[in-house]
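# Descriptive analysis of the structure
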Amino acid sequence: MVAYATSPVKEDLTVAPLRAKVHVAGVTADSDGFYYKARQLVEITGDEEVGIATNANKAIGVLEDSITTKTNPNGLDTRTRISVIPFGYRRVLRMTAEGQLTAGQRVTQGTTSKQAVKAAAALAGLAASGSATASAVDATRPTVAISGGVPAEEIIGVVWKGAANGAEALILAH
């Protein structure tokens, strides 16, 4: 699919993986010579940049290929790219920012401008009023406490490239 200048679609991730810059600061090759290894989970570390996932619930995809000391004998630099298979994200969209948006933030529809996207509110944990208990079918199951959060807003996606208020941001959209 060709993305036209007037189209909101910058990239169609259903036909090709996401090409990303790699996080280079502090990254060294492992004992097998891998800087980045296919099948590793990655998270957004900067504008259009990924690094190995180190934070819970921040992984946006899995690496399709690897970067090694053989493929990059001079090490990593800001020009180094890698292919990411994103989890559930189908497009990179051009959207207008409401407020400052930073790479990696989850976004929802704007409050002031319904035609823009803004940073989503953080999920709040909710304590369960009850708990799951063992059933008569399987009395060996332990009691499990239920907790979690419910998003107050419909999440559109994640910021791939940040932007200032009113400027164009790139959003990984579902």
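An account of the accompanying structure is given in this report. These figures come from a predicted structure and were not determined experimentally. (Residues numbered from 1 in each chain as written. Predicted model: local features only at pLDDT ≥ 70, side-chain atom pairs only at ≥ 80, totals over all residues. Heavy atoms only, no water.)

### Examining the overall build of the protein
The secondary structure content of the protein amounts to zero helices and 15 strands. Within the protein, buried positions represent 32% of all 174 residues. Accessible surface, the protein as shown: approximately 10,500 Å² in total, 52% of it carbon and sulfur. (Helix = DSSP H or I, 4+ residues; strand = E, 2+ residues; numbered from the N terminus. Buried < 20%, exposed > 50% of the residue type's maximum accessible area, 1.4 Å probe, protein only. Areas by Shrake-Rupley, 256 points an atom, 1.4 Å probe, with all protein chains shown as cover.)

### As for the pattern of salt bridges
Applying the stated criterion across every chain, the model contains five salt bridges. Two residues, Arg91 and Asp12, come together in a salt bridge whose shortest N-O distance is 3.1 Å. You can see Arg91 sitting in strand β9 (residues 91-97) and its partner Asp12 sitting in strand β1 (residues 9-12), a full 79 residues away along the chain. Arg91 gets classed as partly exposed once you look at its relative accessible area, which sits at 23%. On the accessibility criterion, Asp12 (13% relative accessible area) is buried. (Salt bridge = Lys/Arg side-chain N within 4 Å of Asp/Glu carboxyl O.)

### As for the side chain of Glu43
With respect to the helices and strands, Glu43 occurs in strand β4 (residues 41-46). No salt bridge forms around the buried Glu43; measuring N to O, its nearest opposite-charge neighbour Lys58 is 7.8 Å away. There is a polar contact of 3.1 Å between the side chain of Glu43 and the backbone nitrogen of Thr54. With near-sequence residues (within four places) excluded, Glu43 lies in contact with Glu49, Val50, Gly51, Ile52, Ala53, Thr54, Asn55, Lys58, Ala59 and Ile60. (Lys, Arg positive; Asp, Glu negative; His and termini not counted. Polar contact = N/O pair within 3.5 Å; in protein donor to acceptor, adjacent residues only side chain to side chain. Contact = heavy atoms within 4.5 Å.)

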